[in-house]
Amino acid sequence: MMKKIIYLSLIALLLIPATTSLQADASLVSNRAYRAEQKQEYKHNLKQIKELFKVHNEYANAHDIKKLKPLYADSYINSDGFNKEIYFKSIEETWKSCEDLTYTTDILNVDINGNYANIQVEETATGTVVDSLDMIHVTGEIHSKSKGIYHLVKINDKWYISGETAISDESSLLYGDARFMNIEIQAPSQVYAGETYTASVKIDAEPTTLVLGSVDHDILTYPSSTPKNDLRPVPQPEGLERLIKANTQNINEYAVSSLIIYKAALVNNESIKQYLAGLACVMRRVNVVPKNNYIDYSEEKNESSNK
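Residues numbered from 1 in each chain as written. Predicted model: local features only at pLDDT ≥ 70, side-chain atom pairs only at ≥ 80, totals over all residues. Heavy atoms only, no water.

## Brief notes about the side chain of Glu164
Threshold: Under the DSSP-based scheme used, a helix requires at least four consecutive residues in state H or I and a strand at least two consecutive residues in state E, with every element numbered from the N terminus. Any residue under 20% of the maximum accessible area for its type is buried, any over 50% is exposed, and the rest in between are partly exposed; the area is computed with a 1.4 Å probe on protein chains only. The charge count includes Lys and Arg as positive and Asp and Glu as negative, but it does not include His or the ends of the chains. Basic side-chain nitrogens of Lys or Arg form a salt bridge, by our definition, when they fall within 4 Å of a carboxyl oxygen of Asp or Glu. Counted as a polar contact is a pair of N or O atoms within 3.5 Å, where, for protein atoms, one must be capable of donating a hydrogen and the other of accepting one, and residues adjacent in sequence contribute only when both atoms are in side chains. The contact criterion used throughout is that any non-hydrogen atoms of two residues lie within 4.5 Å.
For Glu164, the location among the structural elements is in strand E5 (residues 158–176). Put simply, Glu164 is tucked away with no salt bridge, and the nearest opposite charge, on Arg285, sits 8.4 Å away. Polar side-chain contacts of Glu164 include one of 3.2 Å to the side chain of Tyr87. For Glu164, the residues in contact, after removing those within four places along its chain, are Tyr72, Tyr76, Ile77, Asn78, Ser79, Tyr87, Ile149, Tyr150 and His151.

## Section: the nonpolar core
Selection rule: In these notes, a set of buried Ala, Val, Leu, Ile, Met, Phe, Trp, Tyr and Cys residues joined through side-chain atoms within 4.5 Å is what counts as a nonpolar core.
Among the nonpolar cores identified, the biggest contains 29 residues, and Ile49, Tyr72, Ile119, Tyr150 and Leu152 are the most heavily contacted of them. In this view, Ile119 contacts Ile49, Phe53, Ile107, Asn109, Val110, Gly148, Ile149, Tyr150 and Leu152; residues no more than four positions away in its chain are not counted. Of all hydrophobic cores here, the second largest spans 27 residues; its members include Leu174, Leu240, Ala255 and Ala277.

## Re the pattern of salt bridges
Tallying each qualifying case throughout the model produces seven salt bridges. Notably, a salt bridge pairs Glu85 with Lys89, separated by 3.6 Å at the nearest N-O pair. Of this pair, Glu85 and Lys89 both sit in helix H3 (residues 84–97), four residues apart, which is roughly one turn of that helix. A relative accessible area of 37% places Lys89 in the partly exposed class. Here Arg284 and Glu170 are joined by a salt bridge, their closest N and O atoms 2.7 Å apart. Here Arg284, found in strand E13 (residues 271–289), pairs with Glu170, found in strand E5; they are 114 residues apart in sequence, far enough to count as distant.

## Digging into the confidence of the model for the chain
Stated formally: Think of pLDDT as the predictor's per-residue confidence, scored from 0 to 100.
Taken over all residues, the pLDDT of the chain has a mean of 87, while the share at 70 or more is 84%. A low-confidence stretch, residues 9–16 stays under pLDDT 50, and its non-local contacts, those more than four residues away or across chains, total zero contacts.

## What about the pairing of strand E6 (residues 183–186)?
Heads up, the rule is: Strand pairing follows a simple DSSP-based rule, namely that at least 2 bridges must link the two strands.
On E6, burial follows the alternation: Ile183 and Ile185 on one face are buried, whereas Glu184 and Gln186 on the facing-out side are not. Of the pairings in the sheet, the one linking E6 to strand E8 (residues 196–203) comprises four bridges and is antiparallel in character. In the strand pairing of E8, Ile183 is matched with Ile203.

## Section: the packing of aromatic side chains
This is how it is decided: To pair, rings of Phe, Tyr and Trp, with the six-membered ring standing in for Trp, must have centres within 6.5 Å; the planes then decide the type, stacked if under 30 degrees apart, edge-to-face if over 60, and tilted in the middle.
Applying the stated criterion across every chain yields a total of six aromatic pairs. On the numbers, 5.2 Å between centres and 80° between planes, the contact of Phe53 with Tyr150 is edge-to-face. Here Tyr150 lies in strand E4 (residues 136–155) and Phe53 lies in helix H1 (residues 2–61), a separation of 97 residues in the sequence. Note on Tyr150: relative accessible area 3%, which makes it buried. A ring pair is formed by Tyr72 and Phe88, whose centres lie 5.0 Å apart and whose planes are at 85°; its orientation type is edge-to-face. Of this pair, Tyr72 sits in strand E1 (residues 72–78) while Phe88 sits in helix H3, and the two are 16 residues apart along the sequence. The exposure class assigned to Phe88 is buried, which follows from its relative accessible area of 1%. Ring-pair connections join several aromatic residues into one group, and the members of that group are Tyr72, Tyr76, Tyr87 and Phe88.

In structure tokens, the structure reads:
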């Protein structure tokens with residue numbers, strides 16, 4: 001009887017680690033299978049997302065609004081408050097004024113969370129516009145570079161663009177000699193609503209070149225407005241600087257600078273005459289953080305007063 005008990009005890013001792021081992025092995029197999037399934041699903045989603053951005057770039061460069069629209073969810077909204085209808089109206093107007101506008105999109109990061117995804121990108125756009133100046137047709141160059149996040153949603157195993165958050169954006173429209181000059185506009189990327197910030201513009205003009213310019217801000221509305229400000233001489237090399245009060249309407253805005261470039265020419269080897277050599281409009285996005293009326297500082301103030 002004692003031997004049987006001992007044998008049974010030994011068998012139990014042998015079975016316990018065996019059972020635990022079997023459970024651990026099953027858990028490992030289960031975890032491994034789950035991770036493999038998740039990895040496969042991620043690859044599937046990543047492939048779909050990359051394909052989405054590939055055709056998005058193709059349709060955008062072809063200016064094919066009919067094919068581009070279905071890539072966006074009907075509930076689309078961007079960080080400037082533009083819904084799908086307004087967003088595509090603004091795109092159509094842009095393409096009418098710049099018929100050769102082309103885009104490139106580089107994906108910087110992909111974050112997939114179930115049926116949602118955030119895609120961080122860097123985008124560039126270039127093109128030309130033709131305007132009339134003193135009865136003369138002049139061609140201007142458009143350059144734009146931006147960083148942002150596309151928000152995606154998956155519906156019936158298909159990804160759609162549901163929104164965008166703009167991080168930074170710098171654009172320029174250059175005519176004449178301005179196309180060959182270094183022009184830089186500086187402004188903070190983010191400010192508090194109603195906060196005063198500094199915006200400035202610098203241009204590498206020659207000492208004999210006269211540059212008149214202005215610095216202003218333009219809130220992002222639809223239809224867009226054109227800021228009007230008096231031009232004044234831009235000192236070299238300091239540039240032009242202005243204190244700007246951010247809007248209190250909780251709307252993102254652009255710091256904008258308009259520049260007129262005059263150069264001198266010798267006429268008949270006798271007199272010097274100034275002539276219009278170039279025009280420029282440069283702008284940089286300033287994201288405005290809305291005022292939060294539900295933050296109570298009273299506790300913090302009481303703590304500081306008790307010290």
